[in-house]
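Summary of structural features
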Amino acid sequence: MCIRDSTNAVSPVQATSALTSLKIVRSPEGRQLRKKVIDNSTYVREKLNQHGIQTLGSPSPIVPVMIGDEKIIRVLARFLLDHGILANPMEFPAVPYGTARFRLQVQAGHTKQHLDFFVDAIVKGLAEAVSYT
């Protein structure tokens, strides 16, 4: 039996995209974008925590928002969608039962208004979801 390793060459478009991305990452613009995304993730974490909503992990663009109950997170996800926010729940079996959460992906392009809108919506939606279950 013969096993061959096969490789695909990177296309010129992929190579150019990667090089352009690296140039941005290494530039002053890249440093500003990294600072902005960490500032945004810290801001949304603090706001959620002020409302008693637990977040996990250290400052990064990924913000796990703990909800816990699978029924509540499903109702909350629908509430958020109805208010223009797409937040896919992570629930069992992807995470242990009873530890359902959202996995936010905060971006440098988010404004304080975007983040405040999300926090307000999740606070209102969580109260509504708890009342339904």
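Our structure is the block above this text.
Residues numbered from 1 in each chain as written. Predicted model: local features only at pLDDT ≥ 70, side-chain atom pairs only at ≥ 80, totals over all residues. Heavy atoms only, no water.

Considering the overall build of the protein
Helices and strands together make up the secondary structure of the protein, namely 4 helices and 3 strands. The C-alpha atoms of the protein give a radius of gyration of 19 Å, which is well past the 14 Å a tight globule of 133 residues would have. For the protein, the C-alpha atoms occupy an extent of roughly 60 × 50 × 25 Å along the three principal directions. When burial is assessed residue by residue, the protein has 30% of its 133 residues classed as buried. A fraction of 61% describes how many contacts in the protein between residues 6 or more apart in sequence connect residues 24 or more apart. Per element, the accessible surface of the protein, about 9100 Å² overall, is 58% carbon and sulfur. (Helix = DSSP H or I, 4+ residues; strand = E, 2+ residues; numbered from the N terminus. Rg over C-alpha atoms; globule rule 2.2 N^0.38 Å. Buried < 20%, exposed > 50% of the residue type's maximum accessible area, 1.4 Å probe, protein only. Contact = heavy atoms within 4.5 Å. Areas by Shrake-Rupley, 256 points an atom, 1.4 Å probe, with all protein chains shown as cover.)

Concerning the pattern of salt bridges
Pairing is possible between side chains that carry opposite charge, provided their charged atoms lie close to one another. Counted according to the given criterion, the structure contains 3 salt bridges. With a shortest N-O distance of 2.6 Å, Glu-91 and Arg-74 are connected by a salt bridge. One end of the pair, Glu-91, is in the loop between strand E2 (89-90) and strand E3 (100-105); the other, Arg-74, is in helix H3 (residues 70-82), with 17 residues separating them in the sequence. Exposure remark for Glu-91: the relative accessible area of 16% places this residue in the buried category. (Salt bridge = Lys/Arg side-chain N within 4 Å of Asp/Glu carboxyl O.)

Focus on unusual backbone geometry
Of the consecutive residues Phe-92 and Pro-93, the connecting peptide bond is found in the cis state with omega at 10°. With respect to the helices, strands and loops of the structure, Pro-93 is situated in the loop between E2 and E3.

Some words on the nonpolar core
Val-44, Leu-48, Val-65, Leu-80, Phe-102, Phe-118 and Ile-122 are the most contacted members of the largest nonpolar core, which totals 25 residues. Secondary-structure elements contributing two or more residues to this core are helix H2 (28-50), strand E1 (62-68), H3, E3 and helix H4 (112-132). (Core = buried A, V, L, I, M, F, W, Y, C linked by side-chain atoms within 4.5 Å.)

Brief notes about the environment of Lys-112
Topologically, Lys-112 is positioned in helix H4. Exposure remark for Lys-112: the relative accessible area of 34% places this residue in the partly exposed category. A sequence separation of 68 residues divides Lys-112 from Val-44, and the C-alpha atoms of the two residues are 8.7 Å apart. Excluding anything up to four places from it in sequence, Lys-112 contacts Asn-40 and Tyr-43.

Looking at the pairing of E1
Most of E1 sits out of view: 6 of its 7 residues are buried. Pairing between E1 and E3: 6 bridges, direction antiparallel. By the bridge assignment for E3, Val-65 is matched with Phe-102. (Pairing = 2+ DSSP bridges.)

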